[in-house]
Amino acid sequence: MPVSFSEISLTRGRVFIPPNLLQIAMPLGGIGAGCVALNGYGGLQDFSIRHQPDTTALPDTHGVLDAAFALLRMLPKGGEPITRLVEGPFPSEKIYDQALKGQGYRGGGFEGLPRFRECVFLGEYPFGQVTLTDPALPIKAQITGFNPFIPLDDRNSSLPCAILEYRLENTSTQPVKVEFSYHLSHLAPGDPARNWGNSRNQVISGHGVFMHNVDDPRAPSFGSCALAVNARPSAIKAMWYRGGWFDAMSALWREGSEGRLRGNDGGNAAEMQGRNGGSVLIEAVLQPGESVTIPVVIAWHFPNVPWGVGMAQPTDCACGEGEFCDPCWRPYYTSQWADAREVAEYVLSHYDQLRARTLAFHHALFRSTLPDEVIEAISANLAILKSPTVLRQENGNIWGWEGCFSGQGCCHGTCTHVWNYAQAMPHLFPALERTLREQELLRSMDAEGHITFRAALPDGPAPHTFHAAADGQLGGVMKVFREWQISGDLDWLERLYPAVKQSMDWSIAHWDPKEEGLVVEPHHNTYDIEFWGPDGMISSFYLGALTAMHAMSVAVGDVESAPRYLNLAEKGAQAIESLFNGEYYQQNVRWDDLRDQSLAQKMASINAQSSEEDHLLLKEGPKYQYGAGCLADGVLGAWLARRCQVNSPQNQEHVRQALHSIFRYNFRESLWDHANMQRAGYAMGEESGLLLCTWPHGGKPTFPFPYSDEVWTGFEYQVASHMIEMGWIEDGLRVVKSARSRSDGHTRNPWNEYECGNYYARAMSSYALLEACSGLRYSAVTHALAVEPRLDQEFLTTFFCTAHGWGTICLSQGALTIEMAEGELVLSNLIVKFGGQSWQKSLSLTVQTGNPLTLSL
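The shown structure was predicted, so the numbers you read here are calculated from the model rather than taken from an experiment.

## Observations concerning the overall build of the protein
Okay, step 1: Counting its regular elements, the protein contains 20 helices and 34 strands.
Okay, step 2: Over its C-alpha atoms the protein spans a radius of gyration of 28 Å, differing by no more than 12% from the 29 Å that the globule rule assigns to 857 residues.
Okay, step 3: Its C-alpha atoms give the protein principal-axis dimensions of roughly 85 × 70 × 55 Å.
Okay, step 4: When the 857 residues of the protein are sorted by exposure, 61% land in the buried category.
Okay, step 5: Taking the intrachain contacts of the protein between residues at least 6 apart in sequence as the baseline, contacts between residues at least 24 apart amount to 71%.
Okay, step 6: Accessible surface, the protein as shown: approximately 30,600 Å² in total, 50% of it carbon and sulfur.
Okay, step 7: Separation between the mean location of the 65 positive side-chain charges and that of the 94 negative ones in the protein comes to 5 Å.

Here it is as structure tokens:
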């Protein structure tokens, strides 16, 4: 029988109805563990569970029909039985795709089954909820999907599973018997060359089905999956009917619609081309108004990741046909759970706790009094952490793509300049973020100090055959300081200090050899090209990195180096003002007075017989610059300095003016008249958006830097949060609202803000909106807490997370209340600015879980 669970009530998120369900696909999975996606109609799609993306929403390319679906047979007292697929109406826009664009596939599926007529989706990540109703049916169904998301608990937040709670409510005036069955295809059938003959199915006593294979334990195909329910099944069918054509699905539908599911143990069929899926049946009688909740757990476990995912197979591989080298790397979950059965059993045995802790995080975040669009932007992009963008190795270390194409990762190696923007992981899972600093400084840096901005997978040295990324390398210096402030771990800082010093000194020597205080030599950056001469964007990184280095030098006792960094930062703060044109910072394109004379020499060689391209070079200077342009990332380094608690000496009033100009010149209420020969699909037509660069006073090069005419949500949130902090509150919120409005469910997926690939890491800049709006900042080094709300509110409630605990802070005119959901908060100093007043208190106390602290102001 089902077990009773409290309802998961979602009340604040956007409500989506047809046709705005079309693109919805919310990732359900663990950090670095892969995921499946809950779509807008209550079904599962995008089975990205084999350490690479699989986001086509069609049957996968591995020779397996990834199928997972629920059937509900309703037997009203005195009425005829009715059976429905527990999903909403199939969208007509997908029919052609499901016909595989001309019937190129004959595997059969469950898209054509009778369904509920009405469907509503409500998403408040990490929960997605689908409500299904039908005037002709006595039962209302509600599906709530999630995976444990618990700040600081990276183990339970990395479970390779998806959880679906099916809540069935009798809306009629008569008792209704319900027969609920869930069906999962064999996700790990083994080597297709053996015609799935290595697949095996077994009953998980009292709960469900374990499906695995007996391939070579080193083979990429070796793995397992499990279907389990947190209830007592009436029947377990550990293996589906085998046959040709559409037999398996036909048999399941007949059993589901005409009578009781026929159970079996999954054995006795080795000669029948292996096993193909398993099912469970739950029965209950619901009185009028009564409801029941059935939690379904789908787990997976694929321990071997082959060469080719993130790096190429070594040329000296001598494996013969049917032989396997040791896997390239193994995922983190293999160090915690032996197979999918163990994962499922772990989830079931800890279900109440995992559910309650995830709900506690959800409630803490969504009870925040910040604007709806802000909470939506913050929460929705947390899905990136649970998407195929993030991989986690057996030793626990994180590695990431920039984003994901439909069948492969995009732009490998936790790209330092893209991940500069991502602010969620350093606060919610700071131990994982520290592995990225170690990746950069201990494994991706050579003996000279050059950091490869694309790290190797698995952990190890990376080749140094390409430019260092100036924004990535200098940003990494600031982020070491951030990780120290968040963790308070001086030992960790002292261990990394020699490497970060080497990185900083290399940066000075390579990009500012005359120590002008600006990045002047050609410098690679996030636009995938090199800027020539100083610009506001990268030089703002330089000022922040130098300031962070001074503070870290003092902290570790490097008294000889500290003055140099401070003096150069102060010199740079003066020098960068030469780039401020009274409205914003621009670029001073230079090539003739640099140490790198390659471009100057090329210029000198151009003559009358040279090419058209060469003459354009002579006229305009190097390609792909922005010169007099107003760059949305023009003070990006100053923004990152604030994120890292670095007190950059850059003129903050000029930073403020630059942000005002960025909104004035780059934000478009409509892009109808905007010409974009680049990637227009991020924002176009009547949509609004913030352009990456404009030339309000002329001077746009014939060939400006790539992407300059595009709109990226990752930099929109960066600019918006910075604007809010600097007092441009209405304009900043307008940018956030614009970005989220484009993800309307029909045109784009609200839980997938793509750029170069799906679930693009840069979009996690949205987490900075939490700090920007609340003015919340905490240092575990000094144990100082600052709360300085920027919005005009009578009171503030906000979620917060430190390295040692998380919870909520409530602020009114007369009091501040700190409530820890988990962990503790050590306080030595409190600064509050609210309602035009300021308070500062010296304290010596620790706030513990279960003991809220209220301080009178």
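Having seen the structure, we can now continue with the description.
## Comments concerning the sheet that holds strand β6 (residues 82-85)
Okay, step 1: Strand order in the open sheet made by the five strands is β6-β5-β11-β16-β15, with antiparallel pairing throughout. Each edge of the open sheet carries a strand with a single partner, namely β6 and β15 (235-237). Strand after strand, the sheet turns through a mean of 15° between neighbouring axes, direction not considered.
Okay, step 2: Judged from the ten bridges that link them, strand β11 (residues 176-185) and strand β16 (residues 277-286) form a sheet pairing that is antiparallel. Pairing of Tyr182 across the sheet is with Val280, part of β16.

## Overview of the packing of helix α10 (residues 470-487) against helix α11 (residues 490-511)
Okay, step 1: Look at α10 against α11: their axes get within 10 Å of each other, and the N-to-C directions meet at 155°. Judged on the interaxial angle alone, α11 and α10 are roughly antiparallel. The crossing of α10 and α11 is left-handed. Contacts between α10 and α11 pair Ala470, Gln473, Leu474, Val477, Val480, Glu483 and Trp484 from the former with Leu490, Trp492, Leu493, Val500, Ser503, Met504, Trp506, Ser507 and Trp511 from the latter.

## Some thoughts on the sheet that holds strand β3 (residues 34-39)
Strand pairing in a sheet takes place through backbone hydrogen bonds and is either antiparallel or parallel in direction.
Okay, step 1: With antiparallel pairing, three strands are arranged side by side in an open sheet as β2-β3-β4. Lying at the two open borders of the sheet, with one neighbouring strand each, are β2 (25-30) and β4 (44-48). Taken over all neighbouring pairs, the strand axes of this sheet differ in orientation by 25° on average, direction set aside.
Okay, step 2: Sheet topology places β3 next to β4; three bridges connect them, and they run antiparallel.

## Let's talk about the environment of Ile31
Okay, step 1: Among the structural elements, Ile31 can be located in the loop between β2 and β3.
Okay, step 2: Residue class for Ile31 comes out buried when judged on its relative accessible area of 1%.
Okay, step 3: Along the sequence, Ile31 and Ile384 sit 353 residues apart, while their C-alpha atoms lie 9.0 Å from each other.
Okay, step 4: If sequence neighbours within four positions are ignored, Ile31 has contacts with Ser157, Ser158, Leu385, Lys386, Val390, Arg392, Ile398, Phe429 and Leu432.

## A look at the side chain of Ser279
Okay, step 1: Along the chain, Ser279 turns up in strand β16.
Okay, step 2: Ser279 gets classed as buried once you look at its relative accessible area, which sits at 0%.
Okay, step 3: Here the side chain of Ser279 touches His183 through a polar contact of 2.6 Å, side chain to side chain.
Okay, step 4: Polar contacts involving the side chain of Ser279 include one to the side chain of Trp240, which spans 2.8 Å.

## A closer look at the environment of Asp592
Okay, step 1: By the secondary structure assignment, Asp592 is in the loop between α13 (562-575) and α14 (598-604).
Okay, step 2: With relative accessibility at 55%, the residue Asp592 sits in the exposed group.
Okay, step 3: On a C-alpha basis, the gap between Asp592 and Pro649 in space is 29 Å, while along the polypeptide they are 57 residues apart.
Okay, step 4: Excluding residues within four positions of it along the chain, Asp592 makes contact with Gln597 and Ala600.

Rules used throughout
- All residue numbers here refer to positions counted from 1 along the written sequence of the relevant chain.
- Note on the predicted model: pLDDT of at least 70 is required for a residue's local features to be given, and 80 or more for side-chain atom pairs to be given and counted; whole-chain, interface and lining totals, by contrast, use all residues.
- Hydrogens and water molecules were not included; the side-chain quantities draw on all heavy atoms of the structure.
- Secondary structure elements are defined from DSSP: runs of H or I of at least 4 residues count as helices, runs of E of at least 2 residues count as strands, and each element is numbered from the N terminus.
- Just to be clear, the radius of gyration here is over C-alpha atoms, and the globule rule we use is 2.2 Å times residues to the power 0.38.
- Buried residues are those whose accessible area, probed at 1.4 Å on protein chains only, stays under 20% of the maximum for their type, while exposed residues exceed 50% and partly exposed ones sit between those limits.
- By definition in these notes, contact holds between two residues if any of their heavy atoms fall within 4.5 Å.
- Computed by Shrake-Rupley with a 1.4 Å probe, the accessible areas treat only the displayed protein chains as cover when residues are assessed.
- Counted as positive: Lys and Arg. Counted as negative: Asp and Glu, with His and the chain ends omitted from the count.
- The atom standing in for a charge is NZ when the residue is Lys, CZ when it is Arg, CG when it is Asp and CD when it is Glu.
- Strands pair, by our definition, only if DSSP identifies at least two bridges between them.
- All axes are obtained by fitting lines to C-alpha atoms, using only the stretch in contact for helices, and the reported angles, taken between N-to-C directions, cover 0 to 180 degrees.
- To sort the angles, those under 35 degrees are grouped as roughly parallel, those over 145 as roughly antiparallel, those from 65 to 115 as roughly perpendicular, and the leftovers as oblique.
- Take the far helix as the reference: if the near one is turned anticlockwise from it by less than a right angle, the crossing is left-handed, and if turned clockwise, right-handed.
- Two N or O atoms form a polar contact when they lie within 3.5 Å of each other; inside protein one atom must be a possible hydrogen donor and the other a possible acceptor, and for residues adjacent in sequence the pair counts only when both atoms belong to side chains.

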